[in-house]
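Residue strings, one per chain:
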Amino acid sequence: MTRAPAGGRIGLMQSAPPPSSGYAAISLHLDSMGYAYGWPRGFQDPVFHEVLDRFENLARWYDLKYTVQVIGRDLLQSEHSRRVRRLADAGHEIGNHTWSHHSGLAGLNRRWLEGEIIETHYRIAEVIGREPRGFTAPAWNYSERASEILLRRGYRYDASLLPSMTGYPVMLENALANLHRPWRMWRSIHRRDWAAGFRAPREPFLRNGLVILPVPTTPGRIATAVWHGYGRIFGWKRHFNALRQTLAARRYFYYVVHPSDLCCDGDLDGNPGRARFGGNFYRKARLLSDAFAIISDSGKRMTTLLGMSEVVRQEIEHKPQVIAA
Ligand SMILES: [Zn+2]
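All figures in this text were calculated on a predicted structure; none of them were measured in a lab.

1. A word on the pattern of salt bridges
Considering all chains together, one arrives at 13 salt bridges under this definition. As a salt-bridge pair, Arg-83 and Glu-56 come within 2.6 Å of each other at their nearest N and O atoms. Residue Arg-83 is located in helix H4 (residues 78–89), and its partner Glu-56 is located in helix H3 (residues 50–62); the two are separated by 27 residues in the primary sequence. Overall, Arg-83 belongs to the buried group, its relative accessible area being 9%. Looking at Glu-56, the relative accessible area reads 7%, which means it is buried. Its salt-bridge partner being Glu-203, residue Arg-250 comes within 2.7 Å of it at the nearest N-O pair.

2. Things to note about the packing of H3 against H4
Contact geometry for H3 and H4: axes closest at 12 Å, N-to-C directions at 5°. As summarised for this structure, H3 and H4 are arranged roughly parallel, according to the angle between their axes. Where H3 abuts H4, its residues Leu-52, Asp-53 and Glu-56 lie against Arg-83, Arg-86 and Leu-87. Here the contact of H3 with H4 is built from residues that sort into 2 nonpolar, no polar and 4 charged.

3. Looking at the coordination of the zinc ion
The textbook angles at a metal center are 109.5 degrees for a tetrahedron of four donors and 90 or 180 degrees for an octahedron of six. Every protein donor of the zinc ion is listed here as Asp-31 (OD), Asp-31 (OD), His-97 (NE2) and His-101 (NE2), and their distances to the metal cover 2.0 to 2.3 Å. The coordination sphere of the zinc ion comprises 4 donor atoms, whose angles at the metal cover 56 to 140°; the geometry is irregular. Owing to a relative accessible area of 13%, Asp-31 belongs among the buried residues under this scheme.

4. Thoughts on the side chain of Gln-69
Tracing the sequence through the fold places Gln-69 in strand S2 (residues 66–70). Aside from chain neighbours lying at most four places away, what touches Gln-69 is Ser-27, Leu-28, His-29, Leu-30, Gly-95, Asn-96, His-97, Gly-134, Phe-135, Thr-136, Tyr-157 and Leu-305.

5. Focus: the packing of helix H11 (residues 236–249) against helix H13 (residues 281–296)
It is the contact of H11 with H13, at a shortest axis distance of 10 Å, that shows an interaxial angle of 20°. Between H11 and H13, the angle is such that the two are roughly parallel. Considering the relative orientation of H11 and H13, their crossing is right-handed. Note on element contacts: H13 touches H11 through Arg-283, Leu-287, Asp-290, Ala-291, Ile-294 and Ile-295, opposite Trp-236, Phe-240, Leu-243, Arg-244 and Leu-247. Among the residues making up the contact of H11 with H13, the classes are represented as 8 nonpolar, no polar and 3 charged.

6. A short note on the packing of aromatic side chains
Counted according to the given criterion, the structure contains 12 aromatic pairs. Here the aromatic residues Phe-55, Tyr-62, Tyr-66 and Phe-292 are joined through ring pairs into a cluster of three or more. Over the ring of Phe-234 we find Arg-238, and its NZ or CZ is 5.2 Å from the ring centre.

7. As for the side chain of Ser-32
With respect to the element layout, Ser-32 can be found in the loop between strand S1 (23–29) and helix H2 (33–37). The buried category is assigned to Ser-32, whose relative accessible area is 1%. Residues in contact with Ser-32, not counting those within four places in the same chain, are Trp-39, Asp-45, Val-47, Phe-48, Ile-71, Asp-74 and Phe-277.

8. Section: the pairing of S2
Counting buried residues in S2 gives 5 out of 5 residues, a clear majority hidden from the surface. Residues Tyr-66, Val-68 and Val-70 of S2 are buried on one face, and the alternating residues Thr-67 and Gln-69, pointing to the opposite face, are buried as well. The pairing of S1 with S2 spans 4 bridges and is classified as parallel. The residue bridging His-29 from the neighbouring strand is Gln-69, located in S2. Of the pairings in the sheet, the one linking S2 to strand S3 (residues 93–96) comprises 4 bridges and is parallel in character.

About the criteria used
Residues numbered from 1 in each chain as written. Predicted model: local features only at pLDDT ≥ 70, side-chain atom pairs only at ≥ 80, totals over all residues. Heavy atoms only, no water. Salt bridge = Lys/Arg side-chain N within 4 Å of Asp/Glu carboxyl O. Helix = DSSP H or I, 4+ residues; strand = E, 2+ residues; numbered from the N terminus. Buried < 20%, exposed > 50% of the residue type's maximum accessible area, 1.4 Å probe, protein only. Axes fitted to C-alpha atoms, helices over the stretch in contact; angles between N-to-C directions. Parallel < 35°, antiparallel > 145°, perpendicular 65-115°, else oblique. Contact = heavy atoms within 4.5 Å. Nonpolar A, V, L, I, M, F, W, Y, C, P; charged D, E, K, R; others polar. Donors = N, O, S within 2.8 Å, 3.2 Å for Na, K, Ca; no water. Tetrahedral: all angles 85-135°; square planar, octahedral: opposite > 155°, others 65-115°. Left-handed = near helix turned anticlockwise from the far one by under 90°. Phe/Tyr/Trp six-rings, centres within 6.5 Å; stacked < 30°, edge-to-face > 60°. Lys NZ or Arg CZ within 6 Å of the ring centre and 35° of its normal. Pairing = 2+ DSSP bridges.

The following block contains the structure:
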């Protein structure tokens, strides 16, 4: 499945073994339909049934383990908990994606923020039998206060930083999708990290012992974030080119996918859904499979976000120090 890393000079590289070109992971943000609909009573959420089946099939096909970012409140249903335990037992990493998928995390008071993280932390621990070690804030609303809470609970990484201006159209789309729920719309706007797109580091780094894994972006000045949903917004051809370019340029790459990437019209069952949950199943399955094939063929070693964060930590801690003369 491996091919020569992009940019290599074929004539010179032919007999040499392909150099290690880094690490890749797939981060599945398990944003449920229950969450999108406001958790209606008695709702049978296809995300925790047939949609997860499809993701598991893809994982088997490409022989990879996901990092699954779980919303704590979804685990109140025992069926959902059983499903998440099964994922953990199969070797997928389970991460913390807050209790209510609050998209304005950085604007919360300390108690509320702590509740969002810690309630989910213990619920996941109860369900899978071990404490989660990774966190991703909904809507990439990064905050140093959240990082401090994570550190105290023994977390190893925070994947909440979006160092790209191209995140703004997605945030705007999220806000508009919640026009009928003004409190959710307000949350998406009241995020306090609007400047991150302009000045945040684009490579992983250590902050007070916590590895920060920024969302991978294309190389160059206009760093476009690269996750699967962008294909829908900017066009698939352009997106897959950006994906190849980013894989070649970044030593650490992870690809964010959502249940909506494999949901289709048949899953909506007459419910008025957000547009992103609908669509033709075969087309969606082909697009996601194509993306996985590109990642799998990139020559990168597949891992989880936790595995990646440990390599980043080791590399940073053992980097030879430059001693000033
Ligand atoms: Zn999410």
